[in-house]
Amino acid sequence: MTQRRSKKRIAWYRSPISAADLARLNQRSNRRGLTQTLGHLALLACSGGLAWHAAHNAHPLAALALVYLHGSLWAFLVNGFHELCHKTVFKTQALNTVFRNIYAFLGWYNHVSFWASHQAHHRYTLHPPDDLEVVLPVKLTLRSYLSFAVINPRGMWLRWKGVFLLSLGRIDNDWERALFPPEDHVGRRTLFNWARTLLIGHGLIVAISLWQGWYMLPILTTLAPFYGGGFQYLLNEAQHIGLSDEVSDYRMNTRTILLNPLLAFLYWQMNYHIEHHMYAAVPFYHLTELHALVKDDLPECPRGIMGTWRQILPILRRQQREPGYQFLPELPA
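Read on for an overview of the structure. Remember, it's a predicted structure, so these values are computed and weren't measured experimentally.

So, how was this worked out
Residues numbered from 1 in each chain as written. Predicted model: local features only at pLDDT ≥ 70, side-chain atom pairs only at ≥ 80, totals over all residues. Heavy atoms only, no water. Axes fitted to C-alpha atoms, helices over the stretch in contact; angles between N-to-C directions. Helix = DSSP H or I, 4+ residues; strand = E, 2+ residues; numbered from the N terminus. Left-handed = near helix turned anticlockwise from the far one by under 90°. Contact = heavy atoms within 4.5 Å. Nonpolar A, V, L, I, M, F, W, Y, C, P; charged D, E, K, R; others polar. Expected span 1.5 Å × (residues − 1). Buried < 20%, exposed > 50% of the residue type's maximum accessible area, 1.4 Å probe, protein only. Polar contact = N/O pair within 3.5 Å; in protein donor to acceptor, adjacent residues only side chain to side chain.

## A closer look at the packing of helix 4 (residues 77-86) against helix 5 (residues 93-107)
Okay, step 1: In the contact formed by helix 4 and helix 5, the axes pass within 9 Å of each other and the chain directions differ by 145 degrees. As helix 4 runs across helix 5, the sense of the crossing is left-handed. Listed contacts from helix 5 to Leu77, Gly80, Phe81, Leu84 and Cys85 of helix 4 are Asn96, Phe99, Arg100, Tyr103, Ala104 and Leu106.
Okay, step 2: Tallied by class, residues from the contact of helix 4 with helix 5 come to eight nonpolar, two polar and one charged.

See the structure below:
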């Protein structure tokens, strides 16, 4: 059955900033967009090249470690893909489209489905049934985490199954049926065509690799989204886990964390997640400045991955004992 959506309007609280500051922060830059996108892709080329070299020079342990590192860096493609779907990375929209498609292809992401879902996520953050992209409470087990951290065969199967069904023109989940009803012929056609692009493109990579004997190439591309993602998972899951749903204040349902510059670069500054939800049109490279303007109006922001999960884990343990419990961060007076 297709999920019914209520289409309610939510009066969100946003930390106040001046119109002049917001207009300045909303400005987009091709230079800064290229620095980030090409920098991230260059890191992947380096990690993949090192893994390829080690594998072809009889260094199996080094190759295994470098493949894992490659997967860990590859996992952050989803954050770049997310920003490119927002169309805020580049001033020139053609560049947004080109790099969005590159990142979507490399990560097996369907930008058509994601953007339809993600617009609802921003408009109705954690208000089901209008936002089913994130549903609280999020349950985390050691087994589920290790599947992301090491090898994720279930995630691979579900991703490939979804792409295959879409390539046949079939939608197999309620959320996508709600986002793409039968009368949306254009949306469905675009959705299905991108799935076919993913299948054909990655099929060619595998076929050419088998023909040429490049056995490492599909491991470093087609299979890369499905191993080594544990580091990125800890950051991405921190965005909403353990917080409150059905509230109209992003400070209560979204978490900002403070990271060192390297992690913030890999994570595309999405550690400033309250700020991103409050002002989604602000490019990621201006979120540090936006945070400086509104930080006195935010709850205390945990620092680093360990500090963040020291806050989250007790919440999750309490939710196991009290299923209805939701953490309420202390807000400034």
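## A few points about helix 17 (residues 304-321)
Okay, step 1: The terminal C-alpha atoms of helix 17, which comprises 18 residues, lie 27 Å apart, in line with the 26 Å expected from a rise of 1.5 Å per residue.
Okay, step 2: Against the buried residues of helix 17 lie helix 12 (230-237) and helix 14 (261-266).

## With respect to the environment of Arg24
Okay, step 1: Here Arg24 lies in helix 1 (residues 19-25).
Okay, step 2: According to the relative accessible area criterion, Arg24 is partly exposed, its value standing at 37%.
Okay, step 3: Linking Arg24 and Met156, residues 132 residues apart in sequence, is a C-alpha distance of 41 Å.
Okay, step 4: When sequence neighbours within four positions are dropped, the list of residues in contact with Arg24 reads His286 and Glu289.
Okay, step 5: One polar contact links Arg24 to Glu289, side chain to side chain, over a distance of 2.2 Å.

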